[in-house]
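# Structure at a glance
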Amino acid sequence: METFGVSGAAGFIGSNFTHFAIGKGHKVIAIDSLSYPGFLFNLEPWILKSRILGLKNGKDFSRVNFSIEKRHDRIYKKVFSNKVLCQIPDNKLKGYNITLFENKEDFTREIESFIESNEKLLFIIASITDEELINIILPHVNCFFNFAAETHVDRSILSQEEFIFTDILGTYNILKVLIKYKNVKKFIQISTDEVYGSSIEGSFNESSILNPSSPYAATKASADLLCLAFYKTFNAPAILIRPSNNYGPRQYPEKLIPLSIIKILKGEKVPIYGSGKQKREWIYVDDCVKGIYQVFLRGTAGEIYNIGSGFEIENLEVVQKIGNILGKNEDIYEFVKDRPSHDTRYFLNSSKIKSLGWEPETDFEEGLKLTVDWYIENKDLYIKIMESADFSSFYKLWYQKR
Ligand code: DAU
């Protein structure tokens, strides 16, 4: 059974994929910088009996010293020039047993000991921009899945630096290290349908032109091109996956579906951009994860695979459906200022991945009900996230001050 490297493993699709991969019997070395949407609890119960490691002094891509220091319960992290892009707050680490290493040798021995053990999950607090760490980790995995990315379109309109750093430079950093090692058979880069831009009708296939609208989509398109160039030039075993809008458990509540669920549960109104008539093709995260796994099994290096459900719906209707499930039909939304360069519609042609033997299994009504139930069960946790400093300051900047 292969050992997987999974970056962005504490985030939404990455954590769902990690659960699936462990269920399939793989060992996973999970990597995550624990920036704002990454949570160790997304990997429970596995994480509770796993080693959680960090290297105290690494070198990040920009060659600026990178430090993780444990003071009291807090781990601070500096990743880009002199700017602190990520500071892990206390409450994210409470209850977990984290070991930080002074030197590379001890750290590497710990990874080797994990590989020899019966343990399923090893978690490393690291950014994909940390070249030294990626160098240490990659020789121990047979396949690497990069889910790590800044992903929220609205945040990319407010500030672009983090997107350029993680999405472009982080991917480049993995590619650069990857071509040194022959043990990694597949590098699977999780991209997005947003690289194609918007289309009022028809669908995008894998050869459609790249026409990104937001800074986020532009950074993902840049990373895609780097992967393809590294495949052509250096034979890097890179495969691109472009999923449509995912929804399901463990999604950070800045995205439309979890935001709507928690807002309605709190008795607050869901903010709808513009007319609410924009369309998205929603895929349940379990289906997407199975598609990614199918690409691991049967996909070819240098190729691109779209993953969409074939089901599209207007935003306003999505919110109304959530209201129906929660038994609330009135006063659940309000129209707010539109997102600049708001894409009207995405829709994918997914016949290529279907030819590998994959089909979506969950219809939207069923997936939405499962998702709403999951957020009801975890309501307190998500209300806390929404009340956190990160979420509140973003919310104020984006929804109130704009
Ligand atoms: O298509 C794949 C992409 O889907 C991923 O690559 C992105 O990482 C992910 O964020 C998502 O992008 P969207 O912009 O489509 O997702 P979001 O949930 O932010 O918005 C979905 C739609 O709902 C979009 O038309 C904007 C609208 N919306 C969103 C929010 C957060 C609102 O009307 N109000 C809101 O408050």
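Given the structure is predicted, the values throughout are model-derived calculations rather than measurements.

Taken together, 23 residues lie around the ligand, and Thr192, Asp193, Glu194, Tyr216 and Arg339 are the ones closest in. At 2.6 Å, a side-chain N or O of threonine 192 approaches an oxygen atom of the ligand. One of the side-chain nitrogen or oxygen atoms of tyrosine 399 is found 2.6 Å away from an oxygen atom of the ligand. For the ligand, whose accessible area on its own is 680 Å², the fraction buried by protein is 95%. Of all the secondary structure elements, the ones that give two or more residues to the shell around the ligand are α8 (256-265) and β14 (270-273). When residues of the shell around the ligand are assigned to their parent elements, the largest contribution, three residues, is made by β14.

Remark on secondary structure: sheet strands pair via backbone hydrogen bonds, oriented parallel or antiparallel. With parallel pairing, the nine strands of this open sheet are ordered in space as β8-β3-β9-β2-β1-β10-β11-β12-β16. Each having just a single partner strand, β8 (98-101) and β16 (304-307) make up the two edges of the open sheet. Sheet twist, expressed as the average angle between the axes of neighbouring strands with direction ignored, equals 20 degrees. Bridge analysis of strand β3 (residues 51-55) against β8 gives four bridges, and the strand direction is parallel. Residue isoleucine 52 lies in a different strand from β8, and its bridge partner there is isoleucine 98.

Turning our eyes to something else, we now look at the state of the cysteines. Taken as a whole and judged by the stated rule, the model has zero disulfides. Cysteine 143 supplies the cysteine sulfur nearest to cysteine 227, a cysteine that is in no disulfide, at a spacing of 13 Å. Distance from the sulfur of cysteine 288, which forms no disulfide, to the nearest cysteine sulfur (cysteine 143) is 15 Å.

Looking now at the packing of aromatic side chains. In this structure the tally under the stated criterion is 32 aromatic pairs. Measuring from ring centre to ring centre gives 6.1 Å for phenylalanine 144 and phenylalanine 187, while their planes differ by 35 degrees; the resulting arrangement is tilted. Of the two residues, phenylalanine 144 sits in strand β10 (residues 143-146) while phenylalanine 187 sits in strand β11 (residues 186-190), which places them 43 residues apart along the sequence. Residue classification places phenylalanine 144 among the buried positions, given a relative accessible area of 0%. Assessed through its relative accessible area of 0%, phenylalanine 187 is described here as buried. Ring centres 6.4 Å apart and planes at 70 degrees place the aromatic pair tyrosine 273 and tryptophan 398 in the edge-to-face group. Here tyrosine 273 is found in strand β14, whereas its partner tryptophan 398 is found in helix α14 (residues 389-400), with 125 residues between them in sequence. Accessibility expressed as a relative area gives 1% for tryptophan 398, which makes it buried. Grouping aromatic residues by their ring pairs yields a cluster made of Tyr36, Phe39, Phe41, Tyr252, Tyr273, Phe391, Phe394, Tyr395, Trp398 and Tyr399.

What follows concerns the pattern of salt bridges. All told, the structure shown has 20 salt bridges when counted by the stated rule. In this structure, aspartate 224 and arginine 242 form a salt bridge, with 2.9 Å as the shortest nitrogen-oxygen distance. With aspartate 224 in helix α7 (residues 215-234) and arginine 242 in strand β12 (residues 238-243), this pair connects stretches of sequence that are 18 residues apart. Judged by its relative accessible area of 0%, aspartate 224 falls in the buried class. Three or more residues are tied together by salt bridges with common partners; here these are Lys263, Lys266, Glu268 and Glu387.

Calculation rules
- Residues numbered from 1 in each chain as written.
- Predicted model: local features only at pLDDT ≥ 70, side-chain atom pairs only at ≥ 80, totals over all residues.
- Heavy atoms only, no water.
- Near = heavy atom within 4 Å.
- Polar contact = N/O pair within 3.5 Å; in protein donor to acceptor, adjacent residues only side chain to side chain.
- Areas by Shrake-Rupley, 256 points an atom, 1.4 Å probe, with all protein chains shown as cover.
- Helix = DSSP H or I, 4+ residues; strand = E, 2+ residues; numbered from the N terminus.
- Pairing = 2+ DSSP bridges.
- Axes fitted to C-alpha atoms, helices over the stretch in contact; angles between N-to-C directions.
- Disulfide = S-S within 2.5 Å.
- Phe/Tyr/Trp six-rings, centres within 6.5 Å; stacked < 30°, edge-to-face > 60°.
- Buried < 20%, exposed > 50% of the residue type's maximum accessible area, 1.4 Å probe, protein only.
- Salt bridge = Lys/Arg side-chain N within 4 Å of Asp/Glu carboxyl O.

Such coordinate-based values are descriptive only and should not be taken to indicate function.
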